[in-house]
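# Descriptive analysis of the structure
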Amino acid sequence: MELYQNKLYTKQNIYFNMRLYIILFSLLLNFHVVKGQYPAGQKQGGQRPDSALYRATMKDSAFMRNMAPIGKVIGVLSDSSNRQPMEFASVALLKVKDSSAVGGALTDDKGQFKMEDVMPGRYFIRITSIGYRQLDSKPFMLNPQEPLKDFGNVWMPPSSRVLKETEIVGEKVEYVNSLDKKVYNVDKSMINAGGSASEVLQNIPSVNVDIDGKISLRGSEQVTILIDGKPAGLTGDNRGSILQQLPAGTIDQIEVITNPSAKYDAEGTSGIINIKTKKDKNQGINGIATLGVGTKDKYNASLNLNRRTKTNNLYFNYSFRDDRRTNEGSSFRTNTFGVDTTYVVSWNNGYNDNISHSLRAGLDLYLDDYNTLGFSGSFNLRNEKRRDYSFSATQDAELLTLSSFSRLAKSTEESSIMDGSFDYRHTYANSKRELTASGNLNVNESDDQNVLNTFFPPPTSQLRQRVNTKGLSYSGVAQVDYLHPFENSKVETGLKATLRNNDSKQSSDRYDFDNDSYNVDSLFSDQFIFTEWVYAGYFQWSGRYKLFELSAGLRAEQTLIEGESKSADTSFTRDFINLFPSAAIKYRFSEGKDIQLSYSRRVNRPRERQLNPFRSVSDSLNVFVGNPSILPELTHSLELGFSGIYGNTNVSANLYYRNTSDNTQRFRTVDPITNVATQTFVNYKTAENMGAELILRNSILKIFTTSATFTLFYNKVDATNVQSNLVSEVWSGDIRGSISTKLSKQLSFQITGNYMAPRKQPQGTFKGMSGVDFGFKYDFKGGKWSVNGSLSDVFDNREFNIDNMGLGFRQEMVRKRETRVGNLTLSYRFGKTEVGRDRKRQGNRPQDQGQQNDMMDF
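Residue positions are given per chain, counting from 1 as you read along its sequence in written order. Selection of residues for local features in this predicted model requires a pLDDT of at least 70, selection of side-chain atom pairs for listing and counting requires 80 or more, and totals for whole chains, interfaces and linings are taken over all residues. Based on all heavy atoms of the structure, the side-chain values leave hydrogens and waters out of the count.

## Considerations on the overall build of the protein chain
Test applied: Strands are runs of DSSP state E lasting at least 2 residues, helices are runs of H or I lasting at least 4, and numbering of each runs from the N terminus. Think of it in three bands: with a 1.4 Å probe and only protein chains considered, a residue is buried below 20% of the maximum accessible area for its type, exposed above 50%, and partly exposed in between. Contacts are residue-level and defined by heavy atoms, with any inter-residue pair within 4.5 Å sufficient. Computed by Shrake-Rupley with a 1.4 Å probe, the accessible areas treat only the displayed protein chains as cover when residues are assessed.
Scanning the protein chain for helices and strands turns up five helices and 47 strands. Counting the 858 residues in the protein chain, one finds 51% classified as buried. Relative to all contacts within the protein chain whose residues are 6 or more apart in sequence, the contacts with residues 24 or more apart total 66%. About 39400 Å² of surface is accessible on the protein chain, with carbon and sulfur atoms providing 56% of the total.

Structure below.
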């Protein structure tokens, strides 16, 4: 690329444009979306009415107006610092004559942009993206002889400059919306300081995290969670504890895909959440070190290092977390079998002390202009200590105690997770074809030791048990994908194989007080082996026609499942093939305003805990047993979305509908004689979910940024196949809001709040919950040191209040986890602050030329 120099600027022109740049950069700092346009009478590039280019334009204009729209403008946009495609960048097509806009486009996930049916004439394009320098092209001509302008690869330099002693640094917006996915730049959030991935997800619109760490999207727990596009061991029942180990400071973005196309895995009926970790984009050696402390014995520290050169990128991360949380709960159950009424009263309190160490490293090799190879690996070590004291009593109708017991449980769990991946990408000369291949291996090992002391009134006195649970699981993924573009469309296809194996062993010993020794208790010992293979292939077509974008795809998946319970002496196998079609159509009203209708079919396969028939006894009155007969859920998902920009306000609105057969839910029964409650999983007949989602984001008075999310949904579950008249219908919703303010160049504040309305299930009702979080950030002069502070659940009112009902019983439960937590984190950045340039790879681009807008010949 070469810099376009215009020698016709006058001092007045320069002074005017300097003022224009100051205004533009101020708006960028407040995340505004601005259309660049010169005032009347001021020609682009300083062209005066007597210039040769201006006269030529005027001469041809009358002839051009009478011709048909036959022009096309295409190109591919990439970040100049890391060679990655740039998504959601704005590309405006402007007339040379007066800089008026005649068209525009947003780049897709491959960085590609296209504008069709353009009238003949002289144009230039202007590319803008938050956090990057504005690029203007050289003027070009479209006519019947040259109807196509292909800019090829366009390299977009990040913005980092000083103007009149005021440092102007490009910033990423907190939220980027497109119709197929939503991207949240969570490193911009101040309330995440010192937290974990679970706490980050808790502040994402449409995502909820319950007291046990279970993640739900739009009210459904059937969501697939990935880290950097890979499962990373998050497919089992322990993903809540894994996310607790991942520090918030290592997360760059959260991607939420609510209606994935056929090229994505079909698993997860409500969609996909992808957690993207940080990689530094600057050349040379860079890094950041953090040290944090929280209320009530909470500590964290991390170190991120990155070394980037022309031929490779090496990165390393270490993090430490010591997180101690208290918890408490109570329940009151009424049993109404026959003419007798009894009550079961329970309460508990305890704490969890979770210490974790996480290591992550990777190497990206830029082998040549067409081949890139990447390796990455991680190791996580966790030690968790738990202590819980509980009491339970059974009373008659006169509230006289019939029986009671108390329990003291002490647990220690050690676990380790190892994960390794490779990625290969090949592009073709003079073509946008692309071939990628990847592989991933994950090994998860855990050892959980529990000592349970149960105390009864005389003469039984005391029962002591020792329960040891060991788990070893591994998963492997191999995948290859190919993309082939055509003139107005592209085809994508690929194959994928996934293997998961889990071997869980539980041994139980009961203490003999007379002989002072432990004896094996076979009734509570178990080994369950679970293996799952999934083989998949897909074909996806997408194309454009005028203002429409179309896509259609089909995915086929074969699933093989084997399960064996040693204690129950049972085994089972499953083998099924499913087809998962998808389709979408998008229409662009104008630049920045789109509407899209999409459809997909999804699946939720039962997990090992749901299938294991072993009876797991929490205490003498509560039992859990799996159900090896449950079937996978199959869901048809339809979504209508709108995205638009109105001045300083970004609007995203969605309507969705999901119809699920064989809906998997927890089901509880109570034995009328023993009062023992047994919980299992069953398939309900159907479930219908429909809802509306509105996301608003606005900048006010240049110092405030506000966002609000409103969700309204209707759920209907038909469980008449399990119990007559067991049907639930409920309208509910959520509200989330945040406001951020930059009081000065160095000091920022943020306040967020959320409200979850009550919602109903066939056997229960969640009574709602709300909370407020606060955070601040102060950057010291020089930009290397900063301090973040946060206080979650300011009013300490987040608790789970649930009312369960079934045949012959009703149970009210309240569970509370320590949620009001204060954190203070000190950060230090080191290394280069200017983005380097790789001349060999980026076509010998010029150096930054002061404060002028760049006029680049792409």
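## Quick notes on empty space enclosed by the protein
Quick reminder of the rule: A cavity here means a set of 1 Å grid points, computed over protein atoms only, where a 1.4 Å probe fits but cannot escape. A pocket is an open set with protein on both sides within 12 Å along at least 5 of 7 lines, and lining residues have an atom within 4 Å of a point. Grid points are joined across faces, edges and corners, and a volume is the space filled by probe spheres set on the points.
Throughout the structure, instances matching the rule amount to nine cavities of 30 Å³ or more. Space inside the largest cavity adds up to approximately 490 Å³. Mapped onto the lining of the largest cavity, the elements with two or more residues apiece are strand 13 (207–209), strand 36 (677–700), strand 37 (704–718), strand 38 (727–742), strand 39 (747–756) and strand 42 (769–779). Considering every element that reaches the lining of the largest cavity, the biggest residue donor is strand 39, with five residues.

## Some thoughts on the nonpolar core
Heads up, the rule is: Remark: nonpolar core denotes a set of buried residues (Ala, Val, Leu, Ile, Met, Phe, Trp, Tyr, Cys) joined through side-chain atoms within 4.5 Å.
Judged by nonpolar contacts, the single largest core of 22 residues is most densely connected at Leu201, Ile215, Ile251, Ile254, Ile273 and Ile275. Within the residue set of this core, elements represented by two or more residues are helix 3 (197–201), strand 13, strand 14 (215–217), strand 15 (223–227), strand 16 (251–257) and strand 17 (271–277). If we skip the residues at most four places from it in the chain, Ile251 touches Val186, Asp187, Ala197, Val200, Leu246, Ile275, Lys276, Thr277 and Lys278. Judged by nonpolar contacts, the second largest core, of 20 residues, contains Val73, Val118, Tyr123 and Ile127.

## Side note on the pairing of strand 19 (residues 298–308)
Heads up, the condition is: Think of it this way: DSSP has to see at least two bridges between two strands before they count as a pair.
Of the two faces of strand 19, only the one carrying Lys298, Asn300, Ser302, Asn304, Asn306 and Arg308 is buried; Tyr299, Ala301, Leu303, Leu305 and Arg307 on the other face are not. Here 11 bridges tie strand 18 (residues 284–294) to strand 19, and the two strands are oriented antiparallel to one another. Paired with Gly292 across the two strands is Asn300, which belongs to strand 19. Across 10 bridges, strand 19 lies against strand 20 (residues 312–335) in antiparallel orientation.

## Some remarks on the pairing of strand 26 (residues 489–512)
Direction of pairing for strand 25 (residues 462–485) relative to strand 26: antiparallel, over a ladder of 21 bridges. The residue bridging Ala478 from the neighbouring strand is Ala497, located in strand 26. Counted along the chain from strand 25 to the antiparallel partner strand 26, the turn is three residues long. Of the strand pairs in this sheet, strand 26 and strand 28 (residues 526–545) are connected by 18 bridges, and their pairing is antiparallel. Bridging from a neighbouring strand, Lys505 pairs with Gln527 of strand 28. Taking the residues between adjacent antiparallel strands as the criterion, strand 26 and strand 27 (residues 517–520) are bridged by four residues, where Asp516 takes a positive phi near 55°.

## Examining the sheet that holds strand 8 (residues 148–156)
Selection criterion: All axes are obtained by fitting lines to C-alpha atoms, using only the stretch in contact for helices, and the reported angles, taken between N-to-C directions, cover 0 to 180 degrees.
Taken in spatial order, the three strands of this open sheet run 4-1-8, and their pairing is mixed. Two strands in the sheet have a free side with no partner beyond their single neighbour: strand 4 (112–118) and strand 8. Within the sheet, the average angular offset between the axes of one strand and its neighbour, ignoring direction, is 15°. Where strand 1 (residues 71–79) meets strand 4, five bridges bridge the pair, whose relative direction is antiparallel. Looking across to strand 4, one finds that Ile74 is bridged to Lys114.

## Let's talk about the pattern of salt bridges
Selection criterion: Think of a salt bridge as a Lys or Arg side-chain nitrogen and an Asp or Glu carboxyl oxygen that are within 4 Å of each other.
Under the criterion given, the structure shown has 43 salt bridges. Salt-bridge contacts for Arg466 lead to Asp509; the nearest nitrogen and oxygen are separated by 3.1 Å. Taken together, the residues span a long stretch of sequence, with Arg466 in strand 25 and Asp509 in strand 26 at a distance of 43 residues. The buried category is assigned to Asp509, whose relative accessible area is 16%.

## As for the confidence of the model for the protein chain
Defined as follows: Along the chain, pLDDT gives the predictor's confidence residue by residue, from 0 to 100.
Averaged over all residues, the pLDDT of the protein chain is 81; the fraction at 70 or higher stands at 83%. Note that residues 1–66 has pLDDT below 50 and, in this model, 103 contacts with residues that lie over four places away or in other chains. Contacts for the low-pLDDT stretch residues 833–858, under 50 throughout, to residues beyond four places or in other chains number 80 contacts.

## Some points on unusual backbone geometry
Within the chain, Ser206 stands out as a residue other than glycine whose phi angle is a positive 75°. By the element assignment, Ser206 lies in the loop between helix 3 and strand 13. By relative accessible area, which is 10% here, Ser206 ends up buried.

## Quick word on the side chain of Asp322
Put simply, the test is: Positive charges come from Lys and Arg alone, negative charges from Asp and Glu alone, with His and the N- and C-terminal ends not counted.
Summarising the element assignment, Asp322 is placed in strand 20. The side chain of Asp322 is buried and forms no salt bridge, while Arg324, the nearest opposite charge, is found at 7.4 Å. When sequence neighbours within four positions are dropped, the list of residues in contact with Asp322 reads Asp297, Lys298, Tyr299, Asp353, Asn354 and Ile355.

## Some points on the environment of Asp252
Following the sequence through the fold, Asp252 ends up in strand 16. Overall, Asp252 belongs to the buried group, its relative accessible area being 16%. Measuring from C-alpha to C-alpha, the distance between Asp252 and Ile275 comes to 7.9 Å, with 23 residues separating the pair along the chain.

## Considering a nonpolar patch on the surface
As a reminder of what qualifies: Exposure above 30% relative accessible area and the absence of a salt bridge qualify a residue for a patch, where like charges join within 9 Å and nonpolar side chains (Val, Leu, Ile, Met, Phe, Trp, Tyr) within 5 Å.
Nonpolar side chains collect at one region of the surface, where Phe539, Trp541, Tyr545, Leu547, Phe548, Leu550, Ile585, Leu597, Leu638, Leu640 and Leu655 lie side by side and expose about 960 Å² of accessible area between them. Those elements giving two or more residues to the nonpolar patch turn out to be strand 28, strand 29 (548–565) and strand 34 (633–646). Examined against the element boundaries, Leu640 turns out to sit in strand 34.

## Let's talk about the packing of aromatic side chains
The criterion, for reference: Geometry of aromatic contacts follows a simple scheme: Phe, Tyr and Trp rings, the Trp one being its six-membered ring, pair when their centres are within 6.5 Å, and the pair is stacked under 30 degrees between planes, edge-to-face over 60, tilted otherwise. Any Lys NZ or Arg CZ that is within 6 Å of a ring centre and within 35 degrees of that ring's normal is treated as a charge sitting over the ring.
All told, the structure shown has 19 aromatic pairs when counted by the stated rule. Seen in terms of ring centroids, Tyr587 and Phe589 are 5.2 Å apart; in terms of plane orientation they differ by 90°. Their pairing is edge-to-face. Taking relative accessible area as the criterion, Phe589 reaches 47% and is therefore assigned partly exposed. Each ring, one from Tyr778 and one from Phe780, has its centre 5.0 Å from the other, and the planes form 85°; the classification is edge-to-face. Ring-pair connections join several aromatic residues into one group, and the members of that group are Tyr123, Phe140 and Phe151. The ring of Tyr351 is capped by Arg324, whose NZ or CZ atom sits 4.0 Å from the centre of that ring. Note that Lys593 overlies the ring of Tyr646, its terminal NZ or CZ placed 4.6 Å from the centroid.

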